[in-house]
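Residues per chain, in single letters:
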Amino acid sequence: MSLPAPAGSAVTERKAVPRRLLMCRPEHFTVAYRINPWMNPEDPTDTSVALGQWQTLYDTYVALGHDVELIDPIAGLPDMVYAANGGFTLDGVAYTARFTHPERQPEGPAYGDWFAANGFRVHEAQRINEGEGDFLLVGDVILAGTGFRTSVESHAELAQVTGREVVTLRLVDPRFYHLDTALAVLDPTGADANIAYLPLAFDEASRAELGRRYPDAVEVGIEDARWLGLNSISDGRNVVIASRATGFEASLRERGYTPIGLDLAELLLGGGGVKCCTLELRGDR
Ligand code: ARG
């Protein structure tokens, strides 16, 4: 039974669209080096806890009807669990990742091989970029982060490869070093395309650009973003988020979304959350 909306409320009925996703089991997860402010190699990590939390995320996607594919983890690449960084796919084309830090560089070809073996036309990137960590598709445009990892030169390269408009956004707070730590795509398609973001993570020009493009965006505060609450996956209706991001959860409910809170605290030790563990696979149209 579905309850009638309270009088006077204009909550939109949200529609879920199942996705095809790629994940990587954190069999080799640990924090062995420090390439972002969340990582403290001197603090202990527990791979079995990471595996359990990751499994809950995987099971949640399957229960929501998403088609989840897996790439084999590689020993010695502890950050490979953050599949979002593995590349960017659109219309059956995979634009490969080219990592900033030497510790993660072997992940680029590993994900590239997976794309090739799974029917994608692989376009090997010439410019430094960290895939969907910094590239987010919203409607017809690709929002692209820069400042810490992904280079602006790759934004131009991606525009050429995809034929889409690529909007450069500059990140200024080292805690929010990838675009997907500071901005969430709530509705990726059509006229309803909308986002949520943490304004303080962006420079002034980027904040103005986001304000112009998304007047209905959900503005999220630091008390939610500090748990990587924005690092989330929406299917247009269900939004998988960090359970500690309770303010964001309330804003989502007010707007007619169904937030699903998960605890990925162990993976947060590497500086990643829900979205970081998830790459969207967009095949031929
Ligand atoms: N330790 C990883 C790094 O610093 C975390 C990556 C998180 N991924 C993401 N899409 N934000 O590269």
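This text follows the structure it describes.
A brief look at the structure comes next.

Calculation criteria
Think of each chain on its own: its residues are numbered from 1, step by step along the sequence as written. Side-chain atom pairs in this predicted model are given and counted only at pLDDT of 80 or more, local residue features only at pLDDT of at least 70, and totals for whole chains, interfaces and linings cover all residues. To obtain the side-chain values, all non-hydrogen atoms of the structure were included, while hydrogens and water were left out. By convention in this text, a residue qualifies as near a molecule or strand provided that one of its non-hydrogen atoms is within 4 Å of it. Under the rule applied, a polar contact is a pair of N or O atoms within 3.5 Å (in protein, one hydrogen donor and one hydrogen acceptor; residues adjacent in sequence only if both atoms are side-chain atoms). Computed with a 1.4 Å probe, the accessible areas rest on the Shrake-Rupley method; for each residue, only the protein chains presented here act as cover. With a 1 Å grid spanning the protein atoms alone, the term cavity applies to any set of points in which a 1.4 Å probe fits but cannot get out, the term pocket to an open set with protein on both sides within 12 Å along at least five of seven lines, and the term lining residue to any residue with an atom within 4 Å of a point. What decides whether a molecule sits in a cavity or pocket is whether more than half of its atoms lie within 2 Å of the grid points. Basically, the charged four are Asp, Glu, Lys and Arg, the nonpolar ten are Ala, Val, Leu, Ile, Met, Phe, Trp, Tyr, Cys and Pro, and anything else, Gly included, counts as polar. Two strands are counted as paired when DSSP detects at least two bridges linking them. Elements are defined by DSSP. Helices are runs of H or I of four residues or more, strands are runs of E of two residues or more, and each kind is numbered from the N terminus. Should any heavy atoms of two residues lie within 4.5 Å, those residues are considered in contact. Helix axes use the C-alpha atoms of the stretch in contact, all axes being lines fitted to C-alpha atoms, and the angles between their N-to-C directions lie in the range 0 to 180 degrees. Note on handedness: a crossover is taken as right-handed if, strands pointing away from the viewer, the path from the first strand over the helix to the second is clockwise. We call a residue buried when its accessible area falls under 20% of the maximum for its residue type, exposed when it is over 50%, and partly exposed in between, using a 1.4 Å probe and counting protein chains only. Grid points are joined across faces, edges and corners, and a volume is the space filled by probe spheres set on the points.

### Some details on the site of the ligand
Part 1 of the reasoning: With respect to spatial proximity, 17 residues lie near the ligand, and among them Asn 36, Arg 104, Asp 180, Gly 270 and Cys 276 are the closest.
Part 2 of the reasoning: Contact between the ligand and Arg 104: an oxygen atom at 2.7 Å from a side-chain N or O atom of the residue.
Part 3 of the reasoning: In the complex, the protein chains occlude 100% of the 340 Å² of accessible area that the ligand would expose alone.
Part 4 of the reasoning: Most atoms of the ligand, that is more than half of them, are within 2 Å of grid points of the second largest cavity.
Part 5 of the reasoning: When the residues that make up the shell around the ligand are grouped by side-chain class, the tally is 6 nonpolar, 7 polar and 4 charged.

### Things to note about the sheet that holds strand β2 (residues 67–70)
Part 1 of the reasoning: Across the sheet, 3 strands lie side by side as β2-β1-β15; this open sheet has mixed pairing. Across the chains shown, the open sheet's two edge strands, defined by having one partner strand only, are β2 and β15 (279–280).
Part 2 of the reasoning: Bridge count for strand β1 (residues 20–23) against β15 is 2 bridges, and the pairing is antiparallel. Paired with Leu 22 across the two strands is Leu 279, which belongs to β15.
Part 3 of the reasoning: In this fold helix α2 (residues 107–117) packs onto β1, β2 and β15, with an angle of close to 145° to the strand it touches most, β1.

### Quick notes on the pairing of β1
Part 1 of the reasoning: In the sheet, β1 pairs with β2 via 4 bridges, with the strands oriented parallel. Bridge assignment links Arg 20 to a residue of β2, and that residue is Asp 67.
Part 2 of the reasoning: In this region the chain leaves β1, passes through helix α1 (residues 47–63) and returns to the parallel neighbour β2; the handedness of that crossover is right-handed.

### A word on unusual backbone geometry
Part 1 of the reasoning: Not every positive phi belongs to a glycine, and Asp 91 is a case in point at roughly 55°.
Part 2 of the reasoning: Structurally, the position occupied by Asp 91 is in the loop between β3 (87–90) and β4 (93–96).
Part 3 of the reasoning: Positive phi values are uncommon outside glycine, yet Leu 228 reaches one of about 55°.
Part 4 of the reasoning: The topology assignment puts Leu 228 in the loop between α5 (222–225) and β12 (233–234).
Part 5 of the reasoning: Using a relative accessible area of 1% as the deciding quantity, one classes Leu 228 as buried.

### Re empty space enclosed by the protein
Part 1 of the reasoning: A complete count under the given rule lists 3 cavities of 30 Å³ or more for this structure.
Part 2 of the reasoning: Empty space within the largest cavity amounts to approximately 110 Å³.
Part 3 of the reasoning: Every residue lining the largest cavity is counted, 14 residues in all, and those nearest its centre are Trp 227, Ala 242, Leu 262, Leu 264 and Ala 265.
Part 4 of the reasoning: The class makeup of the residues in the lining of the largest cavity is 8 nonpolar, 4 polar and 2 charged.
Part 5 of the reasoning: Space inside the second largest cavity adds up to approximately 70 Å³.
Part 6 of the reasoning: What lines the second largest cavity is a set of 14 residues, among which Asn 36, Tyr 82, Arg 104, Tyr 177 and Gly 270 lie closest to the centre.
Part 7 of the reasoning: Of the residues contributing to the lining of the second largest cavity, the split by class is 5 nonpolar, 6 polar and 3 charged.

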